Every structure is written in structure tokens, then in C-alpha cells.
Amino acid sequence: DAGVIQSPRHEVTEMGQEVTLRCKPISGHDYLFWYRQTMMRGLELLIYFNNNVPIDDSGMPEDRFSAKMPNASFSTLKIQPSEPRDSAVYFCASSSIQTQYFGPGTRLTVL
Amino acid sequence: SQQGEEDPQALSIQEGENATMNCSYKTSINNLQWYRQNSGRGLVHLILIRSNEREKHSGRLRVTLDTSKKSSSLLITASRAADTASYFCATADSGNTPLVFGKGTRLSVIA
């Protein structure tokens with residue numbers, strides 16, 4: 001298995017632009033998690049899905065953030081409009097039981 | 001929600017020495033896990049210890065759990081330069097809830 005795949009690996013955009021991050025979980029995993037990591041706040045859980053259904057999105061910072069999981073093999077995290085304070089590394093992780101497998105992350109820079 | 005807090009925040013040792021990192025948490029847990037993150041990479045699962053276990057080994061790793069003190073420790077024996085990374089503890093209060101990560105300990109192993 002290729003592991004969790006995220007794209008793009010790096011994204012540089014200007015304030016106000018829409019950003020879409022993508023994730024392909026490990027096949028057979030029924031949980032998918034989106035995290036954001038910054039030096040100041042550490043690793044924060046944004047939202048997680050179980051069997052493609054969003055279970056808890058209380059970590060999503062505000063309405064500018066949205067996440068979807070249209071099928072078991074694909075999820076997106078969208079930021080619209082983006083702001084400089086959204087600059088961070090965004091990780092996707094998947095699991096079938098308790099152990100989570102992380103993707104390599106997307107480093108987002110909003111200018 | 002509970003959150004693991006690692007101690008120390010940073011640790012620098014010589015190659016061959018042992019490294020000990022501690023984690024404290026606030027409420028009852030189902031299990032506690034340790035993850036490693038190399039610079040610029042996603043987190044990698046190291047070991048899971050359940051609430052009814054007191055000690056677990058995996059190669060050069062030894063994890064202890066004291067539920068009465070709500071604390072855990074990760075010991076890396078005979079450290080190597082390749083062990084240089086950040087180490088995170090993560091807790092789950094049941095089998096189906098997401099993990100809550102601490103802010104990590106940055107370990108530097110000097111050759």
C-alpha cells in the first residue's frame with residue numbers, strides 16, 4: 001500500500017484565494033482525520049469522518065473551512081477565502097482501529 | 001477533552017545515551033500512543049499501550065503507563081543520530097474517539 005497520499009505537497013497562494021487540499025486514505029480504513037500543525041498551536045484536529053460521514057467538525061476554525069468525503073478513497077479540505085493566518089502544515093490521517101497513519105502533509109503559505 | 005503534555009519540550013543527548021520523555025494527561029483513557037515526527041514529515045506511529053497495561057517494549061523503545069498518576073514515559077535506549085525527531089504522545093478516551101495529541105518533545109541526538 002502506498003500509504004496516505006496528500007496533494008499538493010506545497011501550496012503558496014495569495015490572501016483571498018481558494019485553496020483545496022486533497023487526501024487519499026489507505027484502502028480499507030474507515031476513519032479519516034484532517035489536522036493542522038503550527039509552531040504556536042501544535043497539532044490540532046480539524047474534522048474527522050467515519051465511513052465518509054463527518055462525525056465532529058468542532059475543530060474547524062470558521063466557516064471559511066469546509067471538508068468533504070464523497071467516497072471512501074478521497075477527501076478534500078477547502079479554505080475559501082484564505083488568509084495569512086491559515087498558513088500551516090495540513091495533515092490527513094486514516095485509521096481502521098486506533099492507530100493513525102499520517103500522510104506527508106501539505107505546507108500551505110498564504111501571502 | 002484530555003490532552004497529553006510532553007516533558008521536556010526539548011532534549012539534547014549524545015549518541016549512545018538513553019532518552020526519556022514523559023507525558024501527562026488529564027482524564028481517563030482507553031489507550032495512549034507515542035508517535036515520531038521527523039522534520040518535514042508526517043507522524044509515524046511507534047507504540048500503543050492500553051489502559052490495563054503497565055509496560056510495553058518494541059525494539060529500543062520502552063513505554064510505561066501509570067494510570068494512577070495519569071502519566072506515561074517513553075524511553076529510547078542506546079540512541080542514534082537517526083532518532084532525532086519530535087515525539088508526541090496521544091490519548092484516546094475510548095476505542096472509537098479520535099486521538100488528542102500533545103505538543104511534543106524535540107529530541108536531538110548528537111553524533
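Residues numbered from 1 in each chain as written. Chains lettered and ligands numbered in written order. Predicted model: local features only at pLDDT ≥ 70, side-chain atom pairs only at ≥ 80, totals over all residues. Heavy atoms only, no water.

Student: I keep staring at the state of the cysteines and nothing clicks. Help me out?
Tutor: Residue and element names in this part refer to chain A. Across all of its chains, the model carries 2 disulfides over all chains by this definition. The residue that forms a disulfide with Cys 23 is Cys 92, at a sulfur-sulfur distance of 1.8 Å. Taking the sign of the torsion about the S-S bond as the criterion, the disulfide between Cys 23 and Cys 92, at about -65°, is left-handed. With Cys 23 in strand E3 (residues 19-24) and Cys 92 in strand E9 (residues 88-95), this residue pair connects regions lying 69 residues apart in the sequence. (Disulfide = S-S within 2.5 Å. Helix = DSSP H or I, 4+ residues; strand = E, 2+ residues; numbered from the N terminus.)

Student: How should the interface of chain A and chain B be read in this particular structure?
Tutor: In this complex, chain A contributes 18 residues to the contact, which on the side of chain B involves 20 residues. For the pair chain A and chain B, the summed buried surface comes to about 1,400 Å²; carbon and sulfur atoms form 52% of the total. Interface area lost by chain A to chain B is led by Leu 43, Gln 98 and Phe 102 of chain A, which between them contribute 38%. For the pair chain A and chain B, the number of links is 0 salt bridges. For the side of chain A that touches chain B, the secondary-structure elements that each account for two or more residues are strand E4 (31-38) and strand E5 (42-50) of chain A. Here the side of chain A that touches chain B is built from residues that sort into 10 nonpolar, 6 polar and 2 charged. (Contact = heavy atoms within 4.5 Å. Buried area = accessible area lost by both parts, 1.4 Å probe. Salt bridge = Lys/Arg side-chain N within 4 Å of Asp/Glu carboxyl O. Nonpolar A, V, L, I, M, F, W, Y, C, P; charged D, E, K, R; others polar.)

Student: Is there a simple way to think about unusual backbone geometry in this case?
Tutor: In most cases, non-glycine residues show a negative phi, while peptide bonds are predominantly trans. The residue after Gln 80 of chain A, namely Pro 81 of chain A, is reached through a cis peptide bond having omega -10°. Within the fold, Pro 81 of chain A resides in the loop between strand E8 (74-79) and E9. The omega torsion of the bond from Asp 7 of chain B to Pro 8 of chain B falls at 0°, within 30 degrees of zero and hence cis. Position of Pro 8 of chain B among the secondary structure elements: in the loop between strand E1 (5-7) and strand E2 (10-14). Of note in this structure, Asn 51 of chain A is not a glycine but carries a positive phi near 50°. Secondary-structure assignment places Asn 51 of chain A in the loop between E5 and strand E6 (53-56).

Student: Honestly, the pattern of salt bridges in this entry has me stumped. Any pointers?
Tutor: Any two side chains of opposite charge can pair, given that their charged atoms come close. Residue and element names in this part refer to chain A. This structure, assessed with the given rule, holds 12 salt bridges over all chains. Between Arg 64 and Asp 86 there is a salt bridge, with its nearest N and O atoms 2.7 Å apart. Of this pair, Arg 64 sits in the loop between E6 and strand E7 (65-71) while Asp 86 is found in the loop between E8 and E9, placing the two residues 22 residues apart along the sequence. Using a relative accessible area of 1% as the deciding quantity, one classes Asp 86 as buried. In this structure, a network of salt bridges that share partners links the residues Glu 62, Arg 64, Glu 83, Arg 85 and Asp 86. (Buried < 20%, exposed > 50% of the residue type's maximum accessible area, 1.4 Å probe, protein only.)

Student: Looking at this model, I keep getting lost on the sheet that holds strand E7 (residues 61-66) of chain B. Mind explaining?
Tutor: Pairing between the strands of a sheet comes from backbone hydrogen bonds, and it takes one of two forms, parallel or antiparallel. Residues and elements named next belong to chain B. Pairing is antiparallel in the open sheet, where 5 strands are placed in the order E1-E3-E8-E7-E6. Two strands bound the open sheet, and with one partner strand each, they are E1 and strand E6 (55-58). If you compare each strand with its neighbour and ignore which way they point, the axes differ by 20° on average. Note that E1 and strand E3 (residues 19-24) share 3 bridges and pair antiparallel. The partner of Glu 5 across the bridge, within E3, is Ser 24. (Pairing = 2+ DSSP bridges. Axes fitted to C-alpha atoms, helices over the stretch in contact; angles between N-to-C directions.)

Student: What should I look at first to understand the packing of aromatic side chains in this one?
Tutor: Remark: the centre distance and the inter-plane angle together describe each pair of aromatic rings, the angle taken between the planes. In total, this model carries 10 aromatic pairs over all chains according to the counting rule given. Considering the side-chain rings of Tyr 35 of chain A and Phe 101 of chain B, the 5.7 Å spacing of their centres and the 85° angle between planes classify their relative orientation as edge-to-face. With Tyr 35 of chain A in strand E4 and Phe 101 of chain B in strand E10 (residues 100-101), this pair bridges two chains. Judged on exposure class, the residue Tyr 35 of chain A and its partner Phe 101 of chain B are both buried. Taken together, the ring pairs in this structure connect Tyr 31, Phe 33, Tyr 35, Tyr 48, Phe 91 and Phe 102 of chain A together with Tyr 35 and Phe 101 of chain B into an aromatic cluster. (Phe/Tyr/Trp six-rings, centres within 6.5 Å; stacked < 30°, edge-to-face > 60°.)

So, to be careful, I would describe these as geometric facts and stop short of saying anything about function.
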